[in-house]
Amino acid sequence: LQEMPLDAKRNKAFMLKVAEIDSAYAMHYADKELKKNEDFNIRIASMKNNRHSGNAVAEMLPEARTSKVVLAAVKQDVHNLKFAQPNMEAYDEMIHIAKQKTIETITQLKNAADVMLLIPRLLQKDKQFMAEVEKIIVAKK
């Protein structure tokens, strides 16, 4: 993509096809004007990056990480909660989704992983949530 003409990097449909393969790569090389398109960003944020080549939301322009974009990103991966800002319209919903998905993951993985690796840092600071996690950990032993 680095060598692609600017017209290709501006083409939303083309860049979304690239994103199906690698969302972080597509976001990195998308034209700056396309990176400001909220619909494009929401669609990218909603995609799973199966190549694990990076985080598409991290490649976004900071001002393009709107409440809708970050909400879509959190729904896709709870660790995207790090991009949430308390003043965002959907902040409480993002927190709720992240907590719910984190509890589901902890419950499913049982003893397979260090639980702290599964919990976004923001949620680690929530004493009430961590007490709930502790109950799950104690119950699975």
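Given the structure is predicted, the values throughout are model-derived calculations rather than measurements. (Residues numbered from 1 in each chain as written. Predicted model: local features only at pLDDT ≥ 70, side-chain atom pairs only at ≥ 80, totals over all residues. Heavy atoms only, no water.)

A.B. asks: Mind laying out the side chain of asparagine 80, listing which residues take part and the relevant values?
C.D. replies: Position of asparagine 80 relative to the elements: it lies in the loop between α6 (67-76) and α7 (91-109). Note on asparagine 80: relative accessible area 4%, which makes it buried. Within the structure, the side chain of asparagine 80 is placed 2.9 Å from the side chain of asparagine 55, a separation counted as a polar contact. At 3.0 Å, the side chain of asparagine 80 forms a polar contact with the backbone oxygen of alanine 73. (Helix = DSSP H or I, 4+ residues; strand = E, 2+ residues; numbered from the N terminus. Buried < 20%, exposed > 50% of the residue type's maximum accessible area, 1.4 Å probe, protein only. Polar contact = N/O pair within 3.5 Å; in protein donor to acceptor, adjacent residues only side chain to side chain.)

A.B. asks: Can you explain α7? Please cite residues and give values.
C.D. replies: A rise of 1.5 Å per residue sets the reference length of α7, with its 19 residues, at 27 Å; its end C-alpha atoms lie 27 Å apart and thus fit the reference within 8%. Restricting attention to buried positions, one finds in α7 the residues Tyr91, Met94, Ile95, Ile97, Ala98, Thr102, Ile103 and Ile106. (Expected span 1.5 Å × (residues − 1).)

A.B. asks: Outline the pattern of salt bridges, listing residues and values.
C.D. replies: Side-chain pairs of opposite charge can arise whenever the charged atoms involved come near each other. Within the structure shown, the criterion is met by seven salt bridges. Note that aspartate 22 and arginine 51 form a salt bridge whose closest N and O atoms lie 3.7 Å from each other. With aspartate 22 in the loop between α2 (12-21) and α3 (23-29) and arginine 51 in the loop between α5 (38-45) and α6, this residue pair connects regions lying 29 residues apart in the sequence. Residue aspartate 22 is classed as buried on the basis of its relative accessible area, which comes to 3%. (Salt bridge = Lys/Arg side-chain N within 4 Å of Asp/Glu carboxyl O.)

A.B. asks: So what's going on with the packing of α5 against α6? Which residues, and what values?
C.D. replies: Packing of α5 against α6 leaves a shortest axis separation of 8 Å and a crossing angle of 10°. Taken together, α5 and α6 sit at an angle that is classed as roughly parallel. Taking contact as the criterion, the partners of Glu38, Asn41, Ile42 and Ala45 in α5 are, on α6, Lys68, Val69, Ala72, Ala73 and Gln76. (Axes fitted to C-alpha atoms, helices over the stretch in contact; angles between N-to-C directions. Parallel < 35°, antiparallel > 145°, perpendicular 65-115°, else oblique. Contact = heavy atoms within 4.5 Å.)

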